[in-house]
Every structure is written in structure tokens, then in C-alpha cells.
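# Report on the structure
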Amino acid sequence: MKQVEDSEILRKFGVEKTRNEAFSLLLNKYQQKIYWHIRRLVIDHDDADDLVQEAFVKVWKNLENFRNDSQLYTWIYRIATNECITFLNKKKQRNNISLDDVNTELSETLAASTYFDGDKIQRKLQEAILTLPEKQRIIFNMKYFDDMKYDEISEVLGTSVGALKASFHIAVKKIESILTNEEPEF
Amino acid sequence: MNDEHMEWVAEAPVLAALHERSRKSTHGFLVPAAYFNTLKVQTEAQIALEKVRTASASNGFSTPDAYFSKLQAGILAQTINAAPQPKKLRLWHNDWVKYVSAACFVLLVATGLYLKQQSALKADQYAELASDAVLYNIDESVIIEHLKEDQKATHTVSQTEMENYILDHYSANELTNSL
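Residues numbered from 1 in each chain as written. Chains lettered and ligands numbered in written order. Predicted model: local features only at pLDDT ≥ 70, side-chain atom pairs only at ≥ 80, totals over all residues.

### Quick notes on the overall build of chain A
Let me state the cut-off plainly: Here a strand is any run of E in DSSP of at least two residues, a helix any run of H or I of at least four, and the numbering for each starts at the N terminus. Three classes are used. A residue is buried when 20 or more other C-beta atoms lie within 10 Å of its own, exposed when 12 or fewer do, and partly exposed in between, with C-beta atoms placed from the backbone. Placing C-beta atoms from the backbone, we regard two residues as in contact once those atoms come within 7 Å.
Of the regular secondary structure elements, chain A holds 9 helices and 0 strands. Reading the helices (α) and strands (β) of chain A from amino to carboxyl end gives α-α-α-α-α-α-α-α-α. For chain A, with 186 residues in total, the buried portion stands at 35%. Long-range contacts, defined as pairs at least 24 residues apart, comprise 60% of the intrachain contacts of chain A with a sequence gap of at least 6.

### Considering the overall build of chain B
Broken down by element type, chain B carries 8 helices and 0 strands. Secondary structure of chain B in N-to-C order comes out as α-α-α-α-α-α-α-α. Per-residue burial for chain B yields a buried fraction of 4% across its 179 residues.

### Brief notes about the interface of chain A and chain B
Short version of the rule: Any residue that is not Ala, Val, Leu, Ile, Met, Phe, Trp, Tyr, Cys, Pro, Asp, Glu, Lys or Arg is counted as polar, Gly included; the first ten are nonpolar and the last four charged.
Contacts between chain A and chain B engage 36 residues on the former and 24 residues on the latter. Residue assignment for the side of chain A that touches chain B shows that the elements contributing at least two residues are α2 (19–42), α3 (45–62), α6 (120–129) and α9 (161–180) of chain A. Along the lines of polarity and charge, the residues of the side of chain A that touches chain B split into 19 nonpolar, 9 polar and 8 charged.

### Describing the packing of helix α7 (residues 134–144) of chain A against α9 of chain A
All names here are of chain A. Our working definition: Axes, fitted as lines to C-alpha atoms, cover a helix only where it is in contact. Angles between the N-to-C directions of the axes lie from 0 to 180 degrees. Orientation labels follow simple angle bins: below 35 degrees gives roughly parallel, above 145 gives roughly antiparallel, 65 to 115 gives roughly perpendicular, and whatever is left gives oblique.
One can describe the packing of α7 onto α9 by two numbers: an axis separation of 9 Å at closest approach and a directional angle of 90°. As judged from the angle between their axes, α7 and α9 are roughly perpendicular. Along the contact surface, α7 presents Gln 136, Ile 139, Phe 140 and Lys 143, while α9 presents Leu 164, Ser 167, Phe 168 and Ala 171. Taken together, the residues of the contact of α7 with α9 sort by class into 5 nonpolar, 2 polar and 1 charged.

### Here we look at α7 of chain A
With 8 of 11 residues buried, α7 of chain A is to be regarded as a mostly interior element. Of the positions making up α7 of chain A, those classed as buried are Arg 137, Ile 138, Ile 139, Phe 140, Asn 141, Met 142, Lys 143 and Tyr 144 of chain A. Those residues of α7 of chain A that are buried lie in contact with α2, α4 (72–94), α6, α8 (150–157) and α9 of chain A together with α2 (13–21) of chain B.

### Some remarks on the nonpolar core
All names here are of chain A. Basically, it comes down to this: Residues of type Ala, Val, Leu, Ile, Met, Phe, Trp, Tyr and Cys that are buried and joined through C-beta atoms within 7 Å form what is called a nonpolar core.
Membership of the largest hydrophobic core comes to 55 residues, with the highest contact counts inside it found for Ile 34, Ile 38, Val 52, Ile 76, Ile 139 and Ile 153. Counting residues per element, this core draws most heavily on α2, at 9 residues. Ignoring any residue separated from it by four or fewer positions in sequence, one finds Ile 76 in contact with Tyr 30, Ile 34 and Val 59.

### Topic: unusual backbone geometry
The phi angle at Asn 68 of chain A is positive, at roughly 60°, despite the residue not being glycine. C-beta crowding within 10 Å serves as the criterion here: with 10 such atoms nearby, Asn 68 of chain A is assigned to the exposed category. The phi angle at His 27 of chain B is positive, at roughly 55°, despite the residue not being glycine. Using a count of 20 C-beta atoms within 10 Å as the deciding quantity, one classes His 27 of chain B as buried.

### Some details on the environment of Glu 134 of chain A
Residue and element names in this part refer to chain A. Counting through the fold element by element, Glu 134 comes out in helix α7. We classify Glu 134 as partly exposed; it has 17 C-beta atoms within 10 Å. C-alpha separation for the pair Glu 134 and Leu 41, spaced 93 residues apart in sequence, amounts to 8.8 Å.

### Brief notes about the confidence of the model for chain B
Parts of the prediction with low pLDDT should not have their coordinates interpreted in detail. Applied cut-off: pLDDT runs from 0 to 100 and stands for how confident the predictor is about each residue.
Across chain B, the average pLDDT comes to 78, with 82% of residues at or above 70. The complex prediction reports pTM at 0.64, with the ipTM value standing at 0.76.

Printed below as a string of C-alpha cells:
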């Protein structure tokens, strides 16, 4: 199925009659990508389900104000990322725990989840990623899993390309170190 | 992107191998069956709810363009950004002012009462002086005449009473000698 261009989506959204059609096209194009981005950050499927819907409701409410000063894709990503950060901060405040403890909680969720059937190395990879600080984890996920360019990540997070490169390389070294402590099974 | 990708591959071969192997997969994460088919429907339902919520919140009323941003600016201009008001000094800001005021009031009342009393006293004195002055201006002969008449009026006695008076107060020898 041919992906519709972002410009076409925005053009249709600007017309009252075709607004719903435009949003349907937008969902078709981005919902899975955004879901997986959120899912890798919050681990639990039900939490990701709630957050992805909230993110797209915000996209709907604010799309008419989108000024094309960034790509539509990175703009949607930014909304989704902010929803995840807000969710994780609330989790931290609700349980009165530190961010490290939030990651520990996510690790436990991963271990207990029925919606994770990865092999040993894949589980090890996810647990290694959960040892990273929050922002570093976000950067790693976007670079490693979503193959986003540093420029695009910079648009999402508002961080310089140089800082992103440094953060990603530190994350790579740390995870590689964790993975190589155990004999990999492929 | 290839350059960016190659930057770290050499540093992390295990991670790179895992990346290649799992490129088309979900890296172990699962979703419920037909989840993405229903996700779109659920998201669109949420947006429909949001439309209803927004419409019902306004109850059909609308506002001018950019009203709420102007409203905020207006409120800020009258509150935290307002020009400082000149300090108003209260008349009764100190307790001693109250006490002095009360003392002055008491003094005024007392002075008023005293002056009233003095005024009444003087009025009595004037009245007495006035009656003396009236007496002083009356002719002496008129006064004597008045006294005589008064005496006459109050002293009407009978013959018997006179005789008894003379006999009670004068002896027989005195009467004989007088005669």
C-alpha cells in the first residue's frame, strides 16, 4: 500500500470536509510506529495502549496549529515521547520512588509480562536498556530500533546532534558490555 | 544513515548482530491478536469523544478569536504586572492614636459639663443681684408703709386679748404709776 505524503495529509486536514479522512490516513501511516516507540519505553502493553491513544488525541487537537517548522513525523514523535515521560514521572511520584527504581519496576514488568516472548538475548537486551538513564534510553531506542537520524532525534528531543551522538555511543558501550558478559545465543 | 550506523557497529558487534537479526521483528514484544486493527477504531472513538467533550464544555457558546490568551494577558496586567499602588497610611495605624483621641474626647466632655455648671451658678448669682438691685431702687417710705400694712394685716387682736397681755406683762404698781 502506497504511503501518503505528509503534505497531502496536512492539506486534507486543512479542509473541514476532508479532515476526518486526513486523520484516518495519518493513523494508518504512523500508529504502529508510534505504538512501538511508546511500548519500548513503558514496556507494558496496556500502558502503551492508553498512551498511544492519548498521544493521537493530542495530535488531533493540535494538528491545525502545526506550523511545518519540523517534519510531521518528528512532531508526532515528540508528542508521544512527552506522553511517555509524563507517564513515567507520574509513576515515580505516585510510588514515591526514584527514576532508577522506576526502571527496576519496568524490568519486573518485563519479566512478568505475557506479551513478551523474546529469547534470552532479546530479554537480556531489554533489561540492559532499562539500566540506562531515561533520556539516554529514549535516544538509544530511537536510534537503534527506529533507525532515526540524529537530526530527526534532535527535532524530537530538542537536544544537539553532538550531545545525542555522545549519549548514544555511551549507551552502546554500556549495553554491549552487559551483553558480552553472557555468551550470546543466536 | 549508513555512516551513522557504521559509527557504532564496530564498537558493539553483539549489539549490531542482534540489530540485523531482529530488523523486521518486534524484538520479542507481542501484542494481542488483531490489536492494530482495533487500535485505529479505538483512537477514532477517543477523538469522537473529545469532540463531544469540547462541544459540551462550551455549551454552544463561542468566544472571540484568541480570547483566552488576551484574557490571561489582561488578568496579569491587573495583578502581578500591575503598577504599584501608593501606600495608604491608615489614620488608626497605631494604638496610641486611639488612646489620645479617647482622652481628648473625655476632656472635651468634662470641660463642657464644667462650663455648663459654671454658667448655671452665674445665672443664680445674677438673679440674686437683680432682686437686690430692685429692692435698692424702691423708695424707703414705700417699704415702711408696706411693712406697716403687713403688720396691721397680720396683727388684728381683740380687746380681751390686749387686756390679758397688759395684765400678764405689767405689774399692778407699774400700771398705777403709769396712770
